[in-house]
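Listed below, chain by chain, are the residues.
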Amino acid sequence: MLRVKQVLSMLFVLLLISGCSTDEQQGPANDQQPTIAEQENSPNGQETDGQEEKSVEVIAENLMVPWSIAKLGNTFYIAERPGNIVKIENGEFERQGVELEKELSTASEAGLLGFVLAPDFPESNVAYSYYSYEDSFGQFNRVVTLYLEDGVWREGNLLLDKIPSAPWHDGGRLKIGPDGKLYATTGDASNSAIAQDPNSLGGKILRMNLDGSIPSDNPFPNSYVFSYGHRNPQGIAWSTDDTLYTSEHGNNANDEVNEIEAGLNYGWPIIEGKEVQEGMVSPLFTPGDGATWAPSGMDYFDGKLYVAALRGSAVLEFDLETGDQREVISGLGRVRDVRIEDNVLYFISNNTDGRGVPQENEDKLYKVLLSEDDDS
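Cut-offs and rules
- Residues numbered from 1 in each chain as written.
- Predicted model: local features only at pLDDT ≥ 70, side-chain atom pairs only at ≥ 80, totals over all residues.
- Heavy atoms only, no water.
- Helix = DSSP H or I, 4+ residues; strand = E, 2+ residues; numbered from the N terminus.
- Buried < 20%, exposed > 50% of the residue type's maximum accessible area, 1.4 Å probe, protein only.
- Areas by Shrake-Rupley, 256 points an atom, 1.4 Å probe, with all protein chains shown as cover.
- Pairing = 2+ DSSP bridges.
- Axes fitted to C-alpha atoms, helices over the stretch in contact; angles between N-to-C directions.
- Phe/Tyr/Trp six-rings, centres within 6.5 Å; stacked < 30°, edge-to-face > 60°.
- Lys NZ or Arg CZ within 6 Å of the ring centre and 35° of its normal.
- Salt bridge = Lys/Arg side-chain N within 4 Å of Asp/Glu carboxyl O.
- Patch = residues over 30% accessible without salt bridge, like charges linked within 9 Å, V, L, I, M, F, W, Y side chains within 5 Å.
- Lys, Arg positive; Asp, Glu negative; His and termini not counted.
- Charge placed at Lys NZ, Arg CZ, Asp CG, Glu CD.
- Contact = heavy atoms within 4.5 Å.
- pLDDT = per-residue confidence, 0-100.

**Structural notes on the overall build of the protein chain**
Counting its secondary structure elements, the protein chain contains two helices and 26 strands. For the protein chain, the residues scored as buried account for 60% of the 376 residues in total. Accessible surface, the protein chain: about 14500 Å² in total, of which carbon and sulfur atoms supply 45%.

**Some details on the sheet that holds strand E19 (residues 256–260)**
Across the sheet, which stays open at both edges, the three strands sit in the order E17-E18-E19 with antiparallel pairing between neighbours. Edge positions in the sheet fall to strand E17 (233–238) and E19, since each of these pairs with one other strand and no more. Neighbouring strand axes in the sheet, compared pairwise and without regard to direction, differ in orientation by 25° on average. Where E17 lies against strand E18 (residues 244–248), five bridges are found, and the strand directions are antiparallel.

**Re the packing of aromatic side chains**
Summed over the entire model, instances satisfying the criterion amount to 13 aromatic pairs. Between Tyr-183 and Phe-226, the ring centres sit 5.6 Å apart and the planes meet at 85°, which makes this aromatic pair edge-to-face. Of this pair, Tyr-183 sits in strand E14 (residues 182–185) while Phe-226 sits in strand E16 (residues 225–228), and the two are 43 residues apart along the sequence. There is no split in this pair, since Tyr-183 and Phe-226 are both buried. Ring centres of Phe-347 and Tyr-366 lie 4.9 Å apart, and the angle between their planes is 15°; on these two criteria the pair is classed as stacked. Here Phe-347, found in strand E25 (residues 344–349), pairs with Tyr-366, found in strand E26 (residues 365–369); they are 19 residues apart in sequence, far enough to count as distant. Within the aromatic cluster, the residues linked to one another by ring pairs are Tyr-77, Phe-115, Phe-121 and Trp-153. Residue placement shows Lys-162 over the ring face of Phe-140; its charged tip is 5.1 Å from the ring centre. A cation over a ring is seen here: Arg-231 above Trp-268, with NZ or CZ 5.5 Å from the ring centre.

**Quick look at the pairing of strand E23 (residues 325–330)**
Where strand E22 (residues 314–319) lies against E23, five bridges are found, and the strand directions are antiparallel. Along E23, the bridge assignment pairs Glu-317 with Arg-326. Hairpin connection between E22 and E23: a loop of five residues separates the two successive antiparallel strands, and Gly-323 in this loop has a positive phi of roughly 80°.

**Brief notes about the pattern of salt bridges**
Using the criterion set out here, one finds 15 salt bridges in the structure. Notably, a salt bridge pairs Arg-142 with Asp-161, separated by 3.1 Å at the nearest N-O pair. A residue pair is termed long-range when its members are at least 10 positions apart, and Arg-142 in strand E11 (residues 138–149) and Asp-161 in strand E12 (residues 152–164) qualify at 19 residues. In this structure Arg-142 comes out as buried when scored by relative accessible area, which is 5%. Measuring nitrogen to oxygen at the nearest pair gives 3.8 Å for the salt bridge that ties Arg-154 to Glu-149. Residue Arg-154 is classed as partly exposed on the basis of its relative accessible area of 25%. Through salt bridges with shared partners, a single network forms among Arg-142, Glu-155, Asp-161 and Lys-162.

**Quick word on a negative patch on the surface**
Among the surface-exposed residues, Asp-241, Asp-242, Glu-259 and Glu-261 lie close enough to one another that they form a single negatively charged patch. Tracing the backbone through its elements, the reader meets Asp-241 in the loop between E17 and E18.

**Re unusual backbone geometry**
Residue Trp-268 is joined to Pro-269 through a cis peptide bond whose omega torsion reads 0°. One can find Pro-269 in the loop between E19 and strand E20 (295–301). Residue Asp-363 is bonded to the preceding Glu-362 through a cis peptide linkage, with omega at 5°. As for its placement among the helices and strands, Asp-363 is situated in the loop between E25 and E26.

**Here's the deal with the sheet that holds E22**
Read across the sheet, four strands follow the order E20-E21-E22-E23 without closing on themselves; strand pairing throughout is antiparallel. Two strands close off the open sheet at either side, each with one partner strand: E20 and E23. Averaged over all adjacent pairs, the angle separating strand axes in this sheet is 25°, with direction ignored. As judged from the six bridges shared by strand E21 (residues 304–309) and E22, these two strands associate in the antiparallel manner. Considered in E22, the bridge of Lys-304 is made with Asp-319.

**Observations concerning the environment of Gly-229**
Structurally, the position occupied by Gly-229 is in the loop between E16 and E17. On the basis of relative accessible area, Gly-229 is assigned to the buried category, the value being 0%. When near neighbours in sequence (up to four residues on either side) are disregarded, Gly-229 contacts Ala-195, Gln-196, Gly-203, Glu-248, Asn-265, Tyr-266, Gly-267 and Trp-268.

**What about the confidence of the model for the protein chain?**
Low-pLDDT stretches of the model should not have their predicted coordinates read in fine detail. Chain-level pLDDT for the protein chain is 88 on average; 85% of the residues reach the 70-or-more range. Taken as a whole, residues 1–22 scores under 50 in pLDDT and shows 77 contacts with residues more than four places along the chain or in a different chain. Contacts from residues 35–51, a stretch scored under 50 in pLDDT, to residues over four places away or in other chains number 38 contacts.

**So, the environment of Gly-267**
Among the structural elements, Gly-267 can be located in the loop between E19 and E20. Residue classification places Gly-267 among the buried positions, given a relative accessible area of 0%. Separated by 15 residues in sequence, Gly-267 and Ser-282 place their C-alpha atoms 7.4 Å apart. Those residues within four positions of Gly-267 in sequence are excluded, and the remaining contacts are Gln-196, Tyr-228, Gly-229 and Met-280.

What follows is the structure, given as structure tokens:
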């Protein structure tokens, strides 16, 4: 096995490669250990579009290019792109190493990306991960299991390999759906044509059983592909009626929030933004050629989608009933992922990735109440 060394983590986040459009670029990070915030309920919530100012609590500091939030009970597991998992429990913080079978890629938008705990994690110590690697055949993404033992995560089973990868557009979000299946978002790896290629795993939403096999009810026979025609989706969430939604980076602008149905074509690169064509699905929400969000992680709560915005430097709220949208959090820089439990929104900043402006002790894990009628 190839252990992801601390020196690799430092070299990874020091790499500066010019990015493109709304996507991300790697950059310098703070190498301090994460710490508990000295001040809670700091007044960083911003008032936007009539939204009341929200009291934001800092849970963790000094994160190193965080990408995914996983949580079980009161314990957080934050995946960091350079190849670490940060465990946060009862005010104690531990940066845990990750041992992978392949050499973690240090390309601009690559690295340790999606991370989700197995449903039986308390008993099995197993999680699922999406990571980018390089070998003699090139750069690829893969989905694997990780097993936690003695504070170290070790690669276990290979579930899916050879997902197209490039310096940009690697997708990378993993979620377990209400149907018990594992979903993965994949980018077009800077080759837009593969998004329309049914035989390519790039530019797709993929669906698999937890053992890596293909579900018998997938829309295309013997295929992991659940939907296609995507550019660089990085967010995925389900409503209470099990409707699937994704967020996706557009080309310069034209970011998208989509409602996903099995087997449908979401248009890239033939149509984008507000464009319409028969046989292709246009997004529920898009800024069109206007403002750029660079949307990443997302979650659902009370009829609304909450989406992390990188270029938009906010948490965005999209009302599925009225079609309204607004910023609910801003002023904290780039936001990479969100997670909602009850009415509590957790989110991570991403200002150490080379495109943000890091402030003291960044990056951070935050907490805010979406409604003030519950102080949980």
